[in-house]
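# Architecture at a glance
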Amino acid sequence: MIRAGRNGAYASNWIENGVIGIGWDLGGADISAMSRDQIRAAYESLHPEESRARIAAAAGQVNRFVHAMVEGSTVVMYDPQARLYHIGEVMGPCEPVAGNEAMTYRRAVVWAQEAPRDSLSTSSKNSLGSISTIFSISDEVMADVLRAAALPPAADEEPAPSDDEEARATTYNDGVERIKDRVNQLDWEEMEQLVAGLLRAMGYHARVTPKGPDGGRDLIASPDALGLESPRIIAEVKHRKGAMGAPEVRSFIGGLRASDRGLYVSTGGFTREARYEADRSNVPVKLLDLDEFVRLYVECYDSADGEARAILPLVRIWWPA
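The following refers to the structure shown.

Criteria and thresholds
Residues numbered from 1 in each chain as written. Predicted model: local features only at pLDDT ≥ 70, side-chain atom pairs only at ≥ 80, totals over all residues. Heavy atoms only, no water. Phe/Tyr/Trp six-rings, centres within 6.5 Å; stacked < 30°, edge-to-face > 60°. Lys NZ or Arg CZ within 6 Å of the ring centre and 35° of its normal. Core = buried A, V, L, I, M, F, W, Y, C linked by side-chain atoms within 4.5 Å. Buried < 20%, exposed > 50% of the residue type's maximum accessible area, 1.4 Å probe, protein only. Helix = DSSP H or I, 4+ residues; strand = E, 2+ residues; numbered from the N terminus. Contact = heavy atoms within 4.5 Å. Pairing = 2+ DSSP bridges.

With that settled, the discussion passes to the packing of aromatic side chains. Under the defined criterion, the tally for this structure stands at five aromatic pairs. Judged by centre distance (5.7 Å) and plane angle (75°), the rings of Tyr264 and Phe270 are edge-to-face. Pairwise contacts between aromatic rings join Phe252, Tyr264 and Phe270 into one cluster. We note Arg309 situated over the ring of Tyr301; from NZ or CZ to the ring centre the distance is 4.4 Å.

Here you go:
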């Protein structure tokens, strides 16, 4: 398995371009001809300020990308936005990439199948939260991923160590994924109340509107309790698997007044066309998918009231500075 940057930032780019990559700087050297010790020496010469542990971890991860992966290897990459594990086959050698700060080396990949995170067992989800950028997947977990994607079993590798900074970031992201799993278990009424709780944690007075012909208004929030001050936020909440398309977002925008601000929360995400509709709207509209909502909820949790915490309680994990 390889991570597509923090928070899966490069996942869609990798899928679109049929690649995987790493960002460790080795000066553009042809590392495919280097041993692990040579890779470590080259990295250390370019980054003498880094600790021995960090240098060793970087060399180990680069060596995996260059040598442990071979043409024909099965590779798995997670996209947290879509909550999908993408499964592909490595098709090319390790090549340097010039002029790209995010990717210094890449390999060609043919992406073949997708495995929804929701289809995996809890133990598999936990196992796939490793702190390393590149790590092996056990036979049992890989079989679970392949079962979800309807592919034949694949081989595994050994895990590698990583530094504290990456460990903290990956642990945080794994926590976010577990919170997203919990959000998906809520019913639609709890989800509406949770969105209202988030708005209250952000300093707004928010209320859930009565059910009926509300013109796409599930929540109304404003700076004051009477709802007279601006900006007034009109929110729509869709708690379902499918992504919201342009017609739904267009209809929501059509019900807003010029002085309103729109918030559309969809745990199933949004299509590219839906995001385009929001971007071109004359009324400011913010779209929040499941990943964005959970990260915002985590950020505001300390200010959340008892009602929101009762729906989705969190516990803080302390880490040595």
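Moving on from the coordinates now.
All right, on to the nonpolar core then. Counting residues in each nonpolar core, the largest one holds 31 residues, and the members touching the most others are Ile2, Ile20, Leu26 and Phe65. Among the elements of the structure, helix H1 (11-17), strand S1 (19-22), helix H2 (36-46), helix H3 (52-68), strand S2 (74-79) and strand S5 (105-116) are those that each provide at least two residues to this core. With six residues, H3 is the single largest residue contributor to this core. Contact partners of Ile20, with chain neighbours within four places excluded, come to Ile2, Trp14, Phe65, Met69, Val75, Met103, Tyr105, Arg106, Arg107, Val109 and Trp111. Grouped together as the second largest cluster of nonpolar side chains are 30 residues, Val195, Ala221, Ala308 and Ile311 included.

Moving on to the pairing of S5. Pairing of S1 with S5, which is carried by four bridges, proceeds in the antiparallel orientation. Residue pairing for S5: Ile22 is matched across the bridge by Tyr105. Relative to S5, strand S3 (residues 84-90) runs antiparallel, the two sharing seven bridges. What sits directly across from Val90, in S5, is Val109.

What follows deals with the environment of Leu287. Here Leu287 lies in strand S10 (residues 285-289). Residues Leu287 and Arg275, spaced 12 residues apart in sequence, show a C-alpha to C-alpha distance of 7.4 Å. Beyond its immediate stretch of four places on either side in the chain, Leu287 contacts Tyr264, Phe270, Ala274, Arg275, Ala278 and Glu292.

Attention shifts here to helix H5 (residues 139-149). Buried within H5 are the following residues: Val141, Met142, Asp144, Val145, Leu146 and Ala149. Looking at the buried residues of H5, the elements they touch are S2, S3, S5 and helix H4 (122-127). Positive phi shows up at Ala150, right after H5, with a value of about 60°.

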